[in-house]
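# Commentary on secondary and tertiary structure
Chain residues, written in single-letter form:
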Amino acid sequence: MISSTLGRRRFGAFALPALAVPALAACGASPEPGLYTLATRPGSTLPRGPAIVAIRDIGLPGYLDRKEIVRSTEDLKLDVRANSWWGEPLGGLVSRILVLDLSQRLTNSKVFGEAGSITLDPNASVGVDLQRFDADKAGTVILLAQVAIQFNRPTRSAARNFSIRKSATTPDTAGHVAAMSDALGELADGIASMLQ
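Presented here is an overview of the structure given in this document.

### Details of the overall build of the protein
Looking only at helices and strands, the protein features three helices and eight strands. The secondary structure elements of the protein, listed N-terminal to C-terminal, are α-β-β-β-β-α-β-β-β-β-α. Within the protein, the proportion of its 196 residues that are buried is 39%. Surface accessibility of the protein: about 11,000 Å² in total, with carbon and sulfur atoms responsible for 58%.

### Remarks on helix α2 (residues 90-105)
For α2, spanning 16 residues, the distance from its first C-alpha to its last is 22 Å, which sits close to the expected 22 Å at 1.5 Å a residue. Packing partners of the buried residues in α2 comprise β2 (52-55), β4 (79-86), β5 (110-113), β6 (124-135) and α3 (173-194).

### Details of the environment of Pro 89
When you line up the elements, Pro 89 lands in the loop between β4 and α2. The exposed category is assigned to Pro 89, whose relative accessible area is 62%. With 22 residues separating them along the chain, Pro 89 and Lys 67 place their C-alpha atoms 6.6 Å apart.

### Thoughts on the packing of aromatic side chains
Throughout the structure, instances matching the rule amount to zero aromatic pairs. The ring of Trp 85 carries the charged tip of Lys 67 above its face, separated from the ring centre by 4.2 Å. The positively charged end of Arg 156 is found above the aromatic ring belonging to Phe 151, 3.9 Å away from the centroid.

### Some thoughts on α3
Since the α-helix advances by 3.6 residues per turn, residues separated by three or four positions end up pointing in the same direction. In a regular helix each residue adds 1.5 Å, so 22 residues correspond to 32 Å; α3 covers 32 Å between its end C-alpha atoms and thus fits that length. When you tally the buried positions in α3, you get 16 out of 22 residues, the bulk of the element.

### Details of the nonpolar core
One finds Leu 38, Val 128 and Leu 187 to be the most contacted residues of the largest nonpolar core, which totals 43 residues. Within the residue set of this core, elements represented by two or more residues are β2, β3 (68-72), α2, β6, β7 (140-151), β8 (156-167) and α3. Considering every element that reaches this core, the biggest residue donor is α3, with ten residues. Other than its neighbours up to four places away in sequence, Val 128 contacts Asp 57, Ile 58, Gly 59, Leu 98, Ala 145, Gln 146, Val 147, Leu 187 and Ile 191.

### Some details on the pairing of β3
Counted residue by residue, β3 has five buried out of five residues, so it is predominantly covered. The pairing of β3 with β4 spans four bridges and is antiparallel. Residue pairing in the sheet places Glu 68 in a bridge with Trp 85 of β4. Counting the residues that bridge the hairpin from β3 to β4 gives six residues, and of these Asp 75 lies at a positive phi of roughly 60°.

### A word on the side chain of Ser 125
Within the secondary structure, Ser 125 is located in strand β6. When neighbours within four sequence positions are excluded, Ser 125 is seen to be in contact with Ala 54, Arg 56, Ala 148, Ile 149 and Gln 150.

### Section: the pattern of salt bridges
This model, assessed by the stated rule, comprises ten salt bridges. A salt bridge links Glu 186 to Lys 166, with the nearest nitrogen and oxygen atoms 2.8 Å apart. Taken together, the residues span a long stretch of sequence, with Glu 186 in helix α3 and Lys 166 in strand β8 at a distance of 20 residues. Salt bridges sharing partners connect three or more residues here, namely Glu 74, Arg 132 and Asp 134.

### Describing the packing of α2 against α3
α3 packs onto α2 with a crossing angle of 55° between their chain directions and a minimal axis gap of 9 Å. The orientation of α2 with respect to α3, classified from their angle, is oblique. Judged by the sense of rotation from one axis to the other, the crossing of α2 with α3 is right-handed. Contacts between α2 and α3 pair Val 94, Ile 97, Leu 98, Asp 101, Leu 102 and Arg 105 from the former with Leu 184, Gly 185, Ala 188, Asp 189, Ile 191 and Ala 192 from the latter.

Calculation notes
- Residues numbered from 1 in each chain as written.
- Predicted model: local features only at pLDDT ≥ 70, side-chain atom pairs only at ≥ 80, totals over all residues.
- Heavy atoms only, no water.
- Helix = DSSP H or I, 4+ residues; strand = E, 2+ residues; numbered from the N terminus.
- Buried < 20%, exposed > 50% of the residue type's maximum accessible area, 1.4 Å probe, protein only.
- Areas by Shrake-Rupley, 256 points an atom, 1.4 Å probe, with all protein chains shown as cover.
- Expected span 1.5 Å × (residues − 1).
- Contact = heavy atoms within 4.5 Å.
- Phe/Tyr/Trp six-rings, centres within 6.5 Å; stacked < 30°, edge-to-face > 60°.
- Lys NZ or Arg CZ within 6 Å of the ring centre and 35° of its normal.
- Core = buried A, V, L, I, M, F, W, Y, C linked by side-chain atoms within 4.5 Å.
- Pairing = 2+ DSSP bridges.
- Salt bridge = Lys/Arg side-chain N within 4 Å of Asp/Glu carboxyl O.
- Axes fitted to C-alpha atoms, helices over the stretch in contact; angles between N-to-C directions.
- Parallel < 35°, antiparallel > 145°, perpendicular 65-115°, else oblique.
- Left-handed = near helix turned anticlockwise from the far one by under 90°.

And the structure:
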């Protein structure tokens, strides 16, 4: 008698968790987030440029420094795509894409990112501070950036503000990220011209 009661208690302890698992799954577990990355954009190749160019770590405003993609900052609020994430930290992603874009435009320059493992004495160091990199109400991506370049041998500097607008071809996240890639490509065009 004692052993059959004990057996029922053991069975009951294992049966409840098994019944609870489908119930938890049915409660609406959130889907896996979509992971996105920026893409390189081709530009005109330029004949001159410093032999070695270093891209310093990108300066980001705090609202962009998150895994979720920020669609807009209109109407004094963040429109964050909760289930659309960057595949890597945005500052590192922007730096990596700028290195690739500038390498394509400046064929006679060696371009590398400051955060990487390469340590060379650069002929030019490029600093980029992003002030805004999101869309307005119409879905147009706005990139506001300050760029400063420090040249060595001879020592001089150059600085410029950029205001770039790119329309998204589709209203979804993929269209938004594609427009961000287009804006970054135009920024690379401007930086390449500054490096001439």
